[in-house]
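Architecture and fold: a report
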Amino acid sequence: MTLDLDMYMTAGVGVVALLLGMCFNKWIPFLKRFCIPVPVSGGLLISLFFLLLYAVFGLDIEFDGTIKDIAMTLFFTSVGYQSNVRVLKQGGKPLVVMIVLVAVLIVSQNLLSLGIAKGMGVSSLVGMATGSIPMCGGHGTAGGFSPLLEKMGLEGADSITMAAATFGLIAGSLIGGPLGEMLIRRHKLAEETNTNDEIMTLEAHEGESSLKRYTQALGQLFVAMALGMGLSRLLALSGITFPTYFGSLVVAAILRNLFGHKEEALCLKETIGIGELSLSIFLGIAMSTLKLWELAGLMLPLFVILMSQVLFMALYATFVAFPAFGRNYDAAMLVSGLCGFGLGATPNAMANMSAVSYKYHYSVKPFIIVPVVGAMFVDIINTGVITFFLNLL
């Protein structure tokens, strides 16, 4: 039996996840201490409830993703407005380091899954279905490559890759924040503040923020989104697949740097606040609507491979990425972001960093570098590497 929820009902589910997460993170010290994002703690509970409904009553709930997609695009457009070229120039080296680390990670994920698959006597295609396709690629890449894997002889490729992507999405959200927080605490990189003054969510800024400023901020976000959708259509003609939000992020970045000398006129603090709220709504919906029963069908070899991917990600982030980034506060933030899109998706990376920055303090560079790498480089590198490995099989 299937129950279809429209976009309003789906949005309501996401908001309930946020409210539950706020309560849980307030009442349960463990969640707050280890920087588990609010949408994750609340969303996982709701997805477990839907799992119970499916297991007991056979009820499969289908969700409308319209509001989720709008919230995601709003968030990444707000990130574009933070993209100051001068800041990017200052952070040029970490950007290059992140790209190299992602490339090494993608190759390593495939070598790891293929090696375990061979060792356990299962098809190499199972290894590919649990490598960088669902890990760094997420549900989008999983959906794109599963028909090819099916054609190559892997039965149920779609179910395997989607289940693996779901597993990675949860794991990336659960380990990214705690790992970043642990590195900050262990190396004494920052003092806990429990404030978020620099992110400036929807709180008033020195009494000056008003409905008019938020209306202007929302208006400029939608203008950039509209222009960005046009740019995305033009980019699609190149034959290269870009995330849907990429055009809006680029247009917003161009507007920011054209009018960067008028930061007050751009209502940047209000724009960032709306972006943060949009991210929370997106992730609340995304986590609540996970179909956890897709994981129930995983056989032992798949479970072993996926757990190995999580362990490898944690070790790689701690002992390779953190030193490579410079062992400072920004490095810890970037590590939490790397775990997010290394196992799941870019929004999870941003949520991980937001959770860490809320406990300590905001830092501009990680919030610029991670979405740029996630939008421009991860899918391109991953597609090339996957194609290379598939041609070797």
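Scoring rules and cut-offs
- Residues numbered from 1 in each chain as written.
- Predicted model: local features only at pLDDT ≥ 70, side-chain atom pairs only at ≥ 80, totals over all residues.
- Heavy atoms only, no water.
- Helix = DSSP H or I, 4+ residues; strand = E, 2+ residues; numbered from the N terminus.
- Buried < 20%, exposed > 50% of the residue type's maximum accessible area, 1.4 Å probe, protein only.
- Contact = heavy atoms within 4.5 Å.
- Areas by Shrake-Rupley, 256 points an atom, 1.4 Å probe, with all protein chains shown as cover.
- Salt bridge = Lys/Arg side-chain N within 4 Å of Asp/Glu carboxyl O.
- Phe/Tyr/Trp six-rings, centres within 6.5 Å; stacked < 30°, edge-to-face > 60°.
- Expected span 1.5 Å × (residues − 1).
- Bend = angle between axes of the 7 residues up to and from the residue.
- Core = buried A, V, L, I, M, F, W, Y, C linked by side-chain atoms within 4.5 Å.
- Axes fitted to C-alpha atoms, helices over the stretch in contact; angles between N-to-C directions.
- Parallel < 35°, antiparallel > 145°, perpendicular 65-115°, else oblique.
- Left-handed = near helix turned anticlockwise from the far one by under 90°.
- Nonpolar A, V, L, I, M, F, W, Y, C, P; charged D, E, K, R; others polar.
- Polar contact = N/O pair within 3.5 Å; in protein donor to acceptor, adjacent residues only side chain to side chain.
- Patch = residues over 30% accessible without salt bridge, like charges linked within 9 Å, V, L, I, M, F, W, Y side chains within 5 Å.
- pLDDT = per-residue confidence, 0-100.

Along its length, the protein chain carries 18 helices and two strands. Burial statistics for the protein chain: of 393 residues in total, 54% are counted as buried. When contacts within the protein chain are restricted to residue pairs at least 6 apart in sequence, those whose partners lie at least 24 apart make up 80%. Roughly 17200 Å² of accessible area belongs to the protein chain as shown, and the carbon and sulfur atoms make up 68% of that amount.

A side chain with one charge may pair with a side chain of the opposite charge, provided their charged atoms come close. One pass over the full model with this rule turns up three salt bridges. A salt bridge links lysine 359 to glutamate 181, with the shortest nitrogen-to-oxygen separation between them at 3.0 Å. Here lysine 359 is found in helix α16 (residues 346-359), whereas its partner glutamate 181 is found in helix α9 (residues 157-186), with 178 residues between them in sequence. Relative accessible area serves as the criterion here: at 8%, lysine 359 is assigned to the buried category. By relative accessible area, which is 1% here, glutamate 181 ends up buried. For glutamate 270, the salt bridge goes to arginine 213, with nearest N and O atoms at 3.0 Å.

All told, the structure shown has five aromatic pairs when counted by the stated rule. Grouped by ring-pair contacts, the aromatic residues Phe49, Phe50 and Phe63 constitute a single cluster.

Let's shift gears to helix α14 (residues 300-325). The terminal C-alpha atoms of α14 lie 36 Å apart, and with 26 residues this matches the ideal 38 Å at 1.5 Å per residue to within 8%. Its axis deflected by about 40 degrees at alanine 317, α14 carries its strongest bend there. Directly beyond the C-terminal end of α14, a positive phi value near 115 degrees is found at glycine 326.

Turning our attention to the environment of leucine 51. By the secondary structure assignment, leucine 51 is in helix α3 (residues 38-57). Look at leucine 51 and you get partly exposed, because its relative accessible area is 26%. On a C-alpha basis, the gap between leucine 51 and threonine 289 in space is 10.0 Å, while along the polypeptide they are 238 residues apart.

This brings us to the side chain of threonine 130. Tracing the sequence through the fold places threonine 130 in the loop between α7 (124-129) and α8 (138-151). With a relative accessible area of 1%, threonine 130 lands in the buried category. Look past the residues within four positions of threonine 130 in its chain and what remains in contact with it is Ser113, Met135, Ile160, Ala164, Leu302, Ile305, Leu306 and Gln309.

Before going further, it helps to examine the nonpolar core. Grouped together as the largest cluster of nonpolar side chains are 90 residues, with contacts concentrated most on Met98, Leu149, Phe325, Leu338, Phe341, Met350 and Val373. For this core, the element with the most residues is α9, which contributes twelve residues. Counting residues in each nonpolar core, the second largest holds 13 residues, with Ala217, Ala224, Val251 and Ala252 among its members.

Attention now goes to the packing of helix α12 (residues 268-288) against α16. Packing of α12 against α16 brings their axes to within 10 Å, and their N-to-C directions diverge by 120 degrees. What the angle tells us is that α12 and α16 run oblique. When the axes of α12 and α16 are compared, the crossing they make is left-handed. Between α12 and α16, the contacting residues are Glu276, Leu279, Phe282, Leu283 and Met287 on the first element and Pro347, Asn348, Met350, Ala351 and Ser354 on the second. Here the contact of α12 with α16 is built from residues that sort into seven nonpolar, two polar and one charged.

Time to look at the side chain of serine 41. Within the secondary structure layout, serine 41 lies in helix α3. Within the structure, serine 41 has its side chain in polar contact with the backbone oxygen of valine 38 (distance 3.0 Å).

Let us now look at α12. Owing to its 3.6 residues per turn, the α-helix aligns residues three or four sequence positions apart on the same side. Given a rise of 1.5 Å per residue, 21 residues ought to cover 30 Å, and the 30 Å separating the end C-alpha atoms of α12 matches this to within 8%. With 17 of 21 residues buried, α12 lies mostly within the body of the structure.

Moving on to unusual backbone geometry. Trans is the prevailing form of peptide bonds, just as negative phi is the prevailing case for residues other than glycine. With a phi close to 50 degrees, lysine 188 is a non-glycine residue in the positive phi region. For lysine 188, the position within the fold is in the loop between α9 and α10 (211-236). Even without glycine at this site, arginine 327 takes up a positive phi of about 55 degrees. Its place among the elements puts arginine 327 in the loop between α14 and α15 (329-343). By relative accessible area, which is 48% here, arginine 327 ends up partly exposed.

One way to put it is that α9 packs onto α15 with a least axis distance of 7 Å and a crossing angle of 170 degrees. It follows from the interaxial angle that α9 and α15 lie roughly antiparallel. Within the contact between the two elements, α9 uses Gly168, Leu169, Ala171, Gly172, Ile175, Gly176, Gly177, Leu179, Gly180, Leu183 and Ile184 and α15 uses Tyr329, Ala332, Val335, Ser336, Cys339, Gly340 and Leu343. Across the contact of α9 with α15, the residue classes break down as eleven nonpolar, seven polar and no charged.

Turning to a nonpolar patch on the surface, a few remarks are in order. A cluster of nonpolar residues, Phe49, Leu52, Val56 and Phe57, forms a patch on the protein surface that exposes about 440 Å² of accessible area. Residue placement: leucine 52 occurs in helix α3.

What follows deals with the confidence of the model for the protein chain. Summary statistics for the protein chain give a mean pLDDT of 83 and a share of 87% for residues scoring 70 or more. In this model residues 196-208 is a low-confidence stretch, pLDDT under 50, and it forms 24 contacts with partners more than four residues away in sequence or in other chains.

What follows concerns the environment of leucine 268. In this fold, leucine 268 is placed in helix α12. C-alpha of leucine 268 to C-alpha of tyrosine 81: the two residues are 187 residues apart in sequence and 7.2 Å apart in space.

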